[in-house]
Structure formats: C-alpha cells, structure tokens
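Letter by letter, the chains look like this.
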Amino acid sequence: MKSWEENIRKVVPYTPGEQPKRKDIIKLNTNENPYPPAPGVIDALRSMNTDGLRRYPDPAASILVHAIAEQYGLDDSQVFVGVGSDDVLAIAFLTCFNSDKPILFPDITYSFYDVWANLYRIPFERIPLNGRFEIEKEGYFRENGGIIFPNPNAPTGVLLPLAEIEAIIERNRDVVVIVDEAYVDFGGESALPLVRKYDNLLIAQTFSKSRSMAGMRIGYLMGNEKLIKYISDVKYSFNSYTMNQTALELGKAAAEDRAYFEECCSRIIETREWAKSRFRELGFSFEDSKSNFVFVTHDRVPAVEIFTALSEAGIFVRHFRSPERISNYLRVTIGTKEEMEQFFAFLENYLK
Ligand code: PMP
C-alpha cells in the first residue's frame, strides 16, 4: 500500500440492484413502480422554463417541502427533503447518531444501514428478527445510540404494528428513532401520528416507490421542528443545493395528485394479493408482505437456480447471497398484472 493510502477512508459500498440496459425485460428487481408518474408531472415537465435553469434552485426547496407538508397536515418546518431517501437517511445518520453506544437495527434489513454506519464510524448492533421475520420490540429495550428500522421491513415486507413501534420509542426517549417508511403506502400504517407525541421520532419516506419517481431522486424526513432544523444545518454544511429545479417542480406536481397516487397503490396492492395466491399454488412460501414486493422461498428448488433461470428468460428479481438465513429467498417486486402473469407463466412451466 502506498503511504498516502493509509489516510484514505476505506469503505465497502452498498450494491444497488441491477439496472439492465436491455429493454425487452420484465424488471421486478428494484421495487420500482410499474406505472408512470402522475399526469401532472408530465405537464409540469412540458411547461418547465428551461431559462430558469441558469439560476441556482431554492436551497430550502420550499415548493416541494410545502407540497409534502400539505399532504400530511404538517408545518413546513417539520419536513426535510433530499435526493432520495438514501440521501436524507445518510444525513440523518450523520446528524443523529453521534454516541459511543451502538445504534440498533434488525439483522435482516435494508443493507445500506451498516454501510452508513461504517462510513461514519458509528458502532452498531444487529438485533435478530424472530423465526417469522418479525422485529421483536424487546430487542430494542437496551442501551443504544439510536435506532433505525424500515416498516414494512425490507427485504421481508413484514409490517410492525404501530403499538409495537410506540413501545420502542417510549423505551428510547433519549435517542433518535428513525422509521424508514419507504414502502408504507402499500398497506402499512404510518408512524407519522406519533411525531406529535415524540420529539425524538423521525419518519423517512420516498417518491421512488409509491409515487413512481425513482429516477427523479426525491426523499423526505418528517419529524419535530427542532430535529428537522438540526438535520437542515448539517445539510447546509455539506451542500446547499441538493434538490435541482426539475426535481422541485416535478416533485410538487407528484405530491399534489393524491387521487392518482392512491389509485396506483391500490392497483399494486390488488396485484400483490393475487400474486400471493399464485406463489402459494406454485409451492412458494413467504411471510405476509405489506409492501410492493414479496419475499419468497420455494419448497423444492433452490432460490439461486430459479434466479438464474428467470434472468436467462429476461425476468429480473433480486437475490441476496448474504446473510445466509435469506440466501434461499427471492425478492420479487410487484409489476403490472400483465408482467406478473408472464412471470408466473414462466415459473409454472419451469417448476413442472
Ligand atoms: N429504504 C429502504 C428500506 C429501501 O428499500 C430503499 C430502496 N433501495 C430506500 C430506503 C432508498 O430509496 P430511495 O433512495 O430511492 O428513496
């Protein structure tokens, strides 16, 4: 190793799901929405004033913050936006997790959490899910430097009831608790009402899944005004202009179309429930999912073999080699009904 390399911050990065270049595929591997963004988004794009791109965008991202706050009955001061929830979560880690005590998250969860913890040198402990892939609140009743978990959890899709979340927060009033609600719009119950009661609670949500805007990169945090201010201060110490002008205008249009958003979510929920019955018929088992994916294992054929066969047929799903406990599972994003019909037609033939 060269001497300058000794002073380099070395990290093992997060591996995002594959974005194949081929067009003729069925893409069920990164939990994207199969439906297009709201019609108002297309209108906003068409009427965008490109001359305005000469200027820096509003560093406070006010139009987007306001549109989100309105949707949830919050004050603008309780919302923070960023470049996807990955961005807002990374800033929240940097701002909120500064103790010598370990932060806690589930052993099977979003695989970015340990990457940020390592990046920022935050000690952490993984709390095991139970045999049904559920978060057990008692695991979080111990000294710690902060808590984060997704609800529904990823990649399992399993939902933790609100009463259990509240019990975790109640026992952890002296640290920040982050609930990552990337998938909550597909039938989960948001912990947002608890923000009024607990000033140490942060909710993270995203436009990437339920609002069909993964490509635009918009995520947000909701929480107590004081906590949001601390997070903004860190953002302004890093990059004032995280949100580009296009994201602000298109994000506002997406946030404002509540009817379209609800319609897309209910179509995905309906397809998911039908997909569950098809999975069962074909010999798969899974815990109940309240997200836009199902985490399945087959009673006979190893996950890697199914994964490879699907990939060769141009159908992409997600397989995690580690941890060992989930290496025989596949995470299948819910696509359109037509895409899912093709997916199951392939499986039916393959598993014969
Ligand atoms: N949290 C969880 C649990 C996720 O699965 C994802 C998607 N990879 C994210 C956050 C980040 O999503 P985005 O940055 O697209 O908002």
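A.B. asks: Please explain the overall build of the chain as it appears in this structure.
C.D. replies: A tally of regular secondary structure across the chain gives 10 helices and 12 strands. Referenced to the eigenvectors of the C-alpha coordinate spread, the extents of the chain come out at roughly 60 × 55 × 50 Å. Classification of the 352 residues of the chain by burial places 53% in the buried group. Only carbon and sulfur atoms are counted for the fraction: they give 50% of the accessible area of the chain, which is about 16,600 Å². Mean positive and mean negative side-chain charge positions of the chain (41 and 50 charges, respectively) differ by 3 Å.

A.B. asks: Please clarify how the sheet that holds strand E9 (residues 284-285) should be interpreted in this entry.
C.D. replies: The pairing of strands in a sheet happens through backbone hydrogen bonds and is either parallel or antiparallel. On the basis of which strands lie adjacent, the open sheet formed by three strands has the order E9-E10-E12 and antiparallel pairing. The open sheet is flanked by E9 and strand E12 (330-333), the only strands paired with a single partner. Two strands pair when backbone bridges link them, and strand E10 (residues 293-298) and E12 are joined in this way by four bridges, in the antiparallel orientation. What sits directly across from Phe293, in E12, is Thr333. The strands that helix H8 (residues 258-281) touches are E9, E10 and E12; relative to E10, the one it contacts most, it runs at about 0°.

A.B. asks: Honestly, helix H6 (residues 225-236) in this entry has me stumped. Any pointers?
C.D. replies: Because the α-helix completes a turn every 3.6 residues, residues three or four places apart line up on one side. Across its 12 residues, H6 extends 16 Å between first and last C-alpha, which sits within 8% of the 16 Å expected from 1.5 Å per residue. Considered for burial, the residues of H6 that qualify are Leu227, Ile228, Ile231, Ser232, Val234 and Lys235. Considered in projection along H6, the buried side chains sweep an arc of 160° and stay on one side of the axis. In H6, the exposed positions that point more than 90 degrees away from the buried face belong to Glu225 and Lys226. Looking at where H6 begins, the residue whose side-chain oxygen comes 2.8 Å from the main-chain nitrogen of Lys226 is Asn224.

A.B. asks: Any chance you could explain the site of the ligand here in plain terms?
C.D. replies: Taken together, 13 residues form the shell around the ligand, and within it Ser85, Asp180, Tyr183, Thr206 and Ser208 come nearest. In the model, an oxygen atom of the ligand is placed 3.0 Å from a nitrogen or oxygen of the Asp86 main chain. Separating a nitrogen atom of the ligand from a side-chain N or O atom of Asp180 is a distance of 2.6 Å. In the complex, 92% of the free accessible area of the ligand, which totals 410 Å², lies under the protein chains. When residues of the shell around the ligand are assigned to their parent elements, the largest contribution, three residues, is made by helix H3 (residues 84-96). Class assignment for the residues of the shell around the ligand results in five nonpolar, four polar and four charged.

A.B. asks: In this structure, what is going on with the sheet that holds strand E3 (residues 103-106)? I would like to understand it.
C.D. replies: The strand order across the open sheet built from seven strands is E2-E8-E7-E6-E5-E3-E4, with neighbouring strands paired in mixed fashion. Only two strands of the sheet have a single partner each, and these edge strands are strand E2 (79-82) and strand E4 (124-127). Neighbour-to-neighbour, the strand axes of this sheet turn through a mean angle of 20°, independent of strand direction. For strand E7 (residues 201-206) and strand E8 (residues 219-223), the ladder comprises five bridges, and the chain directions are antiparallel.

A.B. asks: Honestly, helix H10 (residues 337-350) in this entry has me stumped. Any pointers?
C.D. replies: Counted at 1.5 Å a residue, the expected span for H10 with its 14 residues is 20 Å, and the 20 Å between its end C-alpha atoms agrees. Here H10 has its buried residues at Met340, Phe343, Phe344 and Leu347. Buried residues of H10 fall within an arc of 95° about the axis and therefore sit on the same side. Exposed and facing more than 90 degrees away from the buried side of H10 are Glu338 and Asn349. As for H10, its buried residues are in contact with H8, E9, helix H9 (303-312), strand E11 (315-316) and E12.

A.B. asks: Explain the pairing of strand E5 (residues 146-150) here, please?
C.D. replies: Put simply, side chains in a regular strand alternate between the two faces of the sheet. With five of five residues buried, E5 lies mostly within the body of the structure. Because side chains alternate across E5, one face comprises the buried residues Gly146, Ile148 and Pro150, and the other comprises Ile147 and Phe149, equally buried. Judged from the two bridges that link them, E3 and E5 form a sheet pairing that is parallel. Following the sheet pairing, Leu104 is matched in E5 by Ile147. Pairing analysis gives four bridges linking E5 to strand E6 (residues 177-180), with the strands arranged parallel. Paired with Ile148 across the two strands is Ile178, which belongs to E6. As a crossover connection, the stretch from E5 through helix H5 (residues 162-170) into E6 is right-handed.

The rules behind the values
- Residues numbered from 1 in each chain as written.
- Predicted model: local features only at pLDDT ≥ 70, side-chain atom pairs only at ≥ 80, totals over all residues.
- Heavy atoms only, no water.
- Helix = DSSP H or I, 4+ residues; strand = E, 2+ residues; numbered from the N terminus.
- Buried < 20%, exposed > 50% of the residue type's maximum accessible area, 1.4 Å probe, protein only.
- Areas by Shrake-Rupley, 256 points an atom, 1.4 Å probe, with all protein chains shown as cover.
- Lys, Arg positive; Asp, Glu negative; His and termini not counted.
- Charge placed at Lys NZ, Arg CZ, Asp CG, Glu CD.
- Pairing = 2+ DSSP bridges.
- Contact = heavy atoms within 4.5 Å.
- Axes fitted to C-alpha atoms, helices over the stretch in contact; angles between N-to-C directions.
- Expected span 1.5 Å × (residues − 1).
- Arc of directions from axis to C-beta.
- Polar contact = N/O pair within 3.5 Å; in protein donor to acceptor, adjacent residues only side chain to side chain.
- Near = heavy atom within 4 Å.
- Nonpolar A, V, L, I, M, F, W, Y, C, P; charged D, E, K, R; others polar.
- Right-handed = clockwise from strand over helix to strand, strands pointing away.

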